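# Structural overview
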Amino acid sequence: MDWCHYRFRSVWNVPARPEAVFAVLENAEEYPRWWRQVREVVPIDDRSGRARFRSVLPYDLRVTAREQRRDPAGGILEIGMTGDLDGWARWTLTPAGGGTRVLYEQEVDVRRPLLRRFAVPGRPVFLLNHALMMRSGRRGLIGHLGTT
């Protein structure tokens with residue numbers, strides 16, 4: 001097992017139309033307004049940017065993200081990323097009960113040296129840190145959609 005490799009999967013049920021959810025998720029520059037762990041997103045060009053995020057643990061992760069797929073009709077947004085994390089992340093939106101089922105998938109390798117050193121003993125804490133970040137993201141998205 002590669003202790004520095006992670007696969008994440010989160011499912012959110014959001015009481016808003018898929019088109020409205022997609023419009024928020026495709027605008028990564030605005031994530032810091034509604035997702036408090038996303039501290040900064042700075043565009044590089046129309047398909048890429050740099051992001052900095054931090055959850056409960058006292059460290060920032062920095063990545064450069066590049067759009068890989070944007071399919072409004074299929075409800076899919078996917079990025080490739082490099083930096084402290086190398087890999088990909090994907091949002092998949094489907095209509096569900098008058099709202100939207102939001103599936104977030106991510107597969108990454110940790111590259112940041114400090115996190116690699118603590119890969120084995122820190123893994124449960126890193127997983128919990130990610131889960132807390134995702135829970136906060138869901139709440140923030142729902143709150144933001146309620147105000148837009």
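Since the structure is predicted, the reported quantities are computational estimates derived from the model, not experimental observations. (Residues numbered from 1 in each chain as written. Predicted model: local features only at pLDDT ≥ 70, side-chain atom pairs only at ≥ 80, totals over all residues. Heavy atoms only, no water.)

Attention shifts here to helix H1 (residues 18-25). Of the residues making up H1, those classed as buried are Pro18, Val21, Phe22, Val24 and Leu25. Around the axis of H1, the buried residues are gathered within 160° of arc, so they sit on the same side. (Buried < 20%, exposed > 50% of the residue type's maximum accessible area, 1.4 Å probe, protein only. Helix = DSSP H or I, 4+ residues; strand = E, 2+ residues; numbered from the N terminus. Arc of directions from axis to C-beta.)

Let's shift gears to the nonpolar core. In a soluble, globular protein the nonpolar side chains are often hidden away together inside. In this structure, Val21, Leu25, Trp35, Trp91 and Leu141 are the most contacted members of the largest nonpolar core, which totals 37 residues. The element that contributes the greatest number of residues to this core is helix H4 (residues 119-147), accounting for 6 residues. Excluding its chain neighbours within four sequence positions, the residues that come into contact with valine 21 are Val14, Ala16, Leu93, Thr100, Val102, Leu141 and Leu145. (Core = buried A, V, L, I, M, F, W, Y, C linked by side-chain atoms within 4.5 Å. Contact = heavy atoms within 4.5 Å.)

Applying the stated rule across the entire model yields 9 aromatic pairs. Centroid distance tryptophan 34 to tryptophan 35: 5.5 Å. Interplanar angle 25°. Geometry classified as stacked. Comparing tryptophan 34 with tryptophan 35 shows no difference in burial state: the two are buried. On the basis of an interplanar angle of 55° and a centroid distance of 6.3 Å, the ring pair of tryptophan 35 and tryptophan 91 is categorised as tilted. Here tryptophan 35, found in the loop between helix H2 (31-34) and strand S2 (38-45), pairs with tryptophan 91, found in strand S6 (residues 85-96); they are 56 residues apart in sequence, far enough to count as distant. A relative accessible area of 7% means that tryptophan 91 is categorised as buried. (Phe/Tyr/Trp six-rings, centres within 6.5 Å; stacked < 30°, edge-to-face > 60°.)

Moving on, we come to the sheet that holds S2. Sheet architecture is open: 7 strands sit in the order S1-S7-S6-S5-S4-S3-S2, paired in antiparallel fashion. One side of each edge strand has no neighbouring strand; the edge strands of this open sheet are strand S1 (5-14) and S2. Ignoring strand direction, the axes of neighbouring strands in this sheet form an average angle of 20°. The strands that H1 touches are S1, strand S4 (61-71), strand S5 (76-83), S6 and strand S7 (99-110); relative to S6, the one it contacts most, it runs at about 160°. Helix-sheet contacts for H4 involve S1, S2, strand S3 (48-53) and S7, and the interaxial angle to S1 is about 25°. (Pairing = 2+ DSSP bridges. Axes fitted to C-alpha atoms, helices over the stretch in contact; angles between N-to-C directions.)

On to the pairing of S2, then. Pairing analysis gives 6 bridges linking S2 to S3, with the strands arranged antiparallel. Considered in S3, the bridge of valine 38 is made with phenylalanine 53. Where S2 folds back on S3, the antiparallel hairpin that results is connected by 2 residues.

Within the element layout of this structure, glutamate 107 appears in strand S7. Since its relative accessible area comes to 23%, glutamate 107 is described here as partly exposed. Taking C-alpha positions, glutamate 107 is 6.5 Å from alanine 89, a pair spaced 18 residues apart along the chain. Apart from the residues lying within four places of it in its own chain, the contact partners of glutamate 107 are His5, Tyr6, Arg7, Asp86, Gly87 and Trp88. A polar contact of 3.0 Å, which involves the side chain of glutamate 107, links it to the side chain of histidine 5. Polar side-chain contacts of glutamate 107 include one of 3.4 Å to the side chain of arginine 7. (Polar contact = N/O pair within 3.5 Å; in protein donor to acceptor, adjacent residues only side chain to side chain.)

Two side chains of opposite charge can pair, provided their charged atoms sit close to one another. Counted under the stated rule, the structure contains 17 salt bridges. For aspartate 45, the salt bridge goes to arginine 66, with nearest N and O atoms at 3.8 Å. Within this pair, whereas aspartate 45 is found in strand S2, its partner arginine 66 is found in strand S4, the two being separated by 21 residues in sequence. Overall, the relative accessible area of 37% leaves aspartate 45 in the partly exposed class. (Salt bridge = Lys/Arg side-chain N within 4 Å of Asp/Glu carboxyl O.)

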